[in-house]
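Secondary and tertiary structure notes
As a plain string of letters, each chain reads:
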Amino acid sequence: MIDIQNYLNGTLQAARSGSYLDNVNPSIGEVYSRIPRSGKEDVDMAVEAAEEGFKVWSNMSKEARSNIMLKIADLIEANHAKLAEAESIDNGKPLKLAEHVDIPRAASNFRFFATAVLHFSSESHDMDGQFINYTLRNPIGIVGCISPWNLPLYLFTWKIAPALATGNVVIAKPSEVTPMTAYLLSELCIEAGLPKGVLNILHGLGGEVGAAITEHPKIKAVSFTGGTSTGAHIAKVAAPMFKKLSLELGGKNPNIIFDDCDFDKALSTTMRSSFANQGQICLCGSRVFVQRGIYEKFKTAFVEKTKHAKVSYPMDPEAKLGAVVSEDHMNKVLSYVDLAKEEGGTVLCGGKRKILEGEYANGYYIEPTIIEGLDHMCRTNQEEIFGPVVTITPFDTEEDALEMANSVEYGLASTIWTQDITKAHRVAAKIESGIVWINCWLVRDLRTPFGGVKNSGVGREGGLEALRFFTEPKNVCVSL
Ligand code: NDP
């Protein structure tokens, strides 16, 4: 049994409360480690440490900060196997996915922002030679970063790296459900020589330590990724304190497949966009809309492939889907299958918990599920399920597809499949989402703006957007 520790003022330590929470391995349904139950006192201590850390970090040259961050990236790579295994055990995802996606991306996040900041510049505005304005971009100070459980180290580092690169100091909270790789990252930060107090990682419950971070008056910005209702709560607390806020929230993404698509590519990518990471990626396409001309053919092929997608324990190299993250989450996802039936849907495949053999019999596995026959306005098609459950719906015209795609309160990502380039651009322009993929899915260039419209969030992450979020612009006007 491992006892995870907080990373506070450069050292690993228990929470002030001295109490711990259980951490469950979802592939076997058993407690395998404990995490410190941190609270307000720990946040107060982290703020004190961070104030000292800021004096050091913000006065270092960009190059010196960048070099330490590059060292952290190197150490993530050097510990690739250990981190991938830890991520897979903690989250339930197939080891292969952690090896190929989660951990490489965590290293890239550090490397990308460590170098991006060296090329970051600000504007100047000349007033006919009489005056000149220039803009300074200073770090904010102490910032809070709160992340979810679905892509634990990937999303945690996606926030921390730009915050550190721009000279801020950070108090971060990983999800209590998947704390392990954030803990291992603490060890790597110590090894890389990150000055004490610059990054503080506190573990515990969202409603306790998460709330204390959001409420602390000296934490001037909060970057949050998680559910829409938690985001709304954080905004309610932080807005009257005039904190800068970046909110990356839920999604209910449409995957629009036209008659004239590259059928095989659309089919194989739809398998991934529906069920990768057990459907627990905010960018997964959970509503599949297929044009009438190929609907039956696509549906048949999609169902056939889905029936053969292997649900297995995460270390199985053949596993296409592993366990979902927790028992609560499994029950929530399965409750949506029941709801879909009540709403008149037909389960074409899956729809049940999958019981594996032997030591995995109590793990939280769900068969990949496709549901047909639902109205696009019903709850199953409107609410985020965040599991291996998709709906499939036919459409006739481009207008019909757009109406159904845009009918939800979310607007994170969308996917369009067609060989008609004019139609692809036309639909992309009209679709209400922050991210559109045409004939591909989950292709990520870290320079691009990342985030959603409507209830999927406020603000953008990635590239310059992140560097701007984590800095305060100050205009200086000089008389010439
Ligand atoms: P939650 O909103 O439940 O939690 C996210 C984080 O916030 C966790 O660390 C959680 O802690 C913490 N938290 C919970 N309550 C509070 C609070 N009152 N104050 C401060 N922090 C709090 O989301 P999930 O972890 O369940 O993640 C799934 C959600 O994340 C989905 O809705 C998904 O769409 C969204 N998401 C969005 C992405 C995007 O980029 N737009 C990317 C990935 C996921 P604890 O774990 O202890 O509850």
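Scroll up for the structure.
Below is a short write-up of the structure. (Residues numbered from 1 in each chain as written. Predicted model: local features only at pLDDT ≥ 70, side-chain atom pairs only at ≥ 80, totals over all residues. Heavy atoms only, no water.)

For the rest of this paragraph, the subject is a nonpolar patch on the surface. Residues Tyr134, Leu136, Val478 and Leu480 make up a contiguous nonpolar surface patch of roughly 340 Å² in combined accessible area. Along the chain, Tyr134 turns up in strand S7 (residues 131-139). By relative accessible area, which is 35% here, Tyr134 ends up partly exposed. (Patch = residues over 30% accessible without salt bridge, like charges linked within 9 Å, V, L, I, M, F, W, Y side chains within 5 Å. Areas by Shrake-Rupley, 256 points an atom, 1.4 Å probe, with all protein chains shown as cover. Salt bridge = Lys/Arg side-chain N within 4 Å of Asp/Glu carboxyl O. Helix = DSSP H or I, 4+ residues; strand = E, 2+ residues; numbered from the N terminus. Buried < 20%, exposed > 50% of the residue type's maximum accessible area, 1.4 Å probe, protein only.)

If you check the shell around the ligand, you find 32 residues, and the closest are Glu176, Thr230, Leu249, Cys282 and Glu384. Between the ligand and the protein, one listed contact pairs an oxygen atom with a backbone N or O atom of Ser147 at 2.8 Å. Contact distances for the ligand include 2.8 Å between an oxygen atom and a backbone N or O atom of Gly227. For the ligand, the accessible surface in isolation is 900 Å², of which the surrounding protein chains cover 87%. Among the secondary structure elements, those contributing two or more residues to the shell around the ligand are helix H7 (206-215), strand S11 (221-225) and helix H8 (228-238). Per-element tally for the shell around the ligand: the top contributor is H7, with four residues. Grouping the constituent residues of the shell around the ligand by class yields 14 nonpolar, 14 polar and four charged. (Near = heavy atom within 4 Å. Polar contact = N/O pair within 3.5 Å; in protein donor to acceptor, adjacent residues only side chain to side chain. Nonpolar A, V, L, I, M, F, W, Y, C, P; charged D, E, K, R; others polar.)

Relative to the 20 Å expected for 14 residues at 1.5 Å per residue, helix H5 (residues 152-165) spans 20 Å between its end C-alpha atoms, a close match to the ideal helical length. Across the 14 residues of H5, 14 count as buried, placing the element largely inside the fold. One or two residues past the end of H5 sits Gly167, with phi positive at roughly 95°. (Expected span 1.5 Å × (residues − 1).)

Here we take up unusual backbone geometry. Even without being glycine, Phe242 reaches a positive phi, approximately 55°. Turning to its location among the elements, Phe242 is positioned in the loop between H8 and strand S12 (244-248). Exposure remark for Phe242: the relative accessible area of 74% places this residue in the exposed category. The residue Gln278 is not glycine, and still its phi comes out positive at about 60°. Counting through the fold element by element, Gln278 comes out in the loop between helix H9 (263-275) and strand S14 (285-291). The class of Gln278 is buried, set by a relative accessible area of 1%.

Pairing is mixed across the open sheet formed by three strands, whose spatial order is S1-S5-S4. Only two strands of the sheet have a single neighbouring strand rather than two, namely strand S1 (2-3) and strand S4 (20-25). (Pairing = 2+ DSSP bridges.)

This next bit is on the packing of aromatic side chains. If you walk through the whole model with that rule in mind, you get ten aromatic pairs. On the basis of an interplanar angle of 55° and a centroid distance of 5.7 Å, the ring pair of Phe113 and Trp158 is categorised as tilted. Here the residue Phe113 occupies a position in helix H4 (residues 95-116), and Trp158 occupies one in helix H5, the gap between them amounting to 45 residues. Exposure remark for Trp158: the relative accessible area of 2% places this residue in the buried category. A ring pair is formed by Phe258 and Phe395, whose centres lie 5.3 Å apart and whose planes are at 85°; its orientation type is edge-to-face. (Phe/Tyr/Trp six-rings, centres within 6.5 Å; stacked < 30°, edge-to-face > 60°.)

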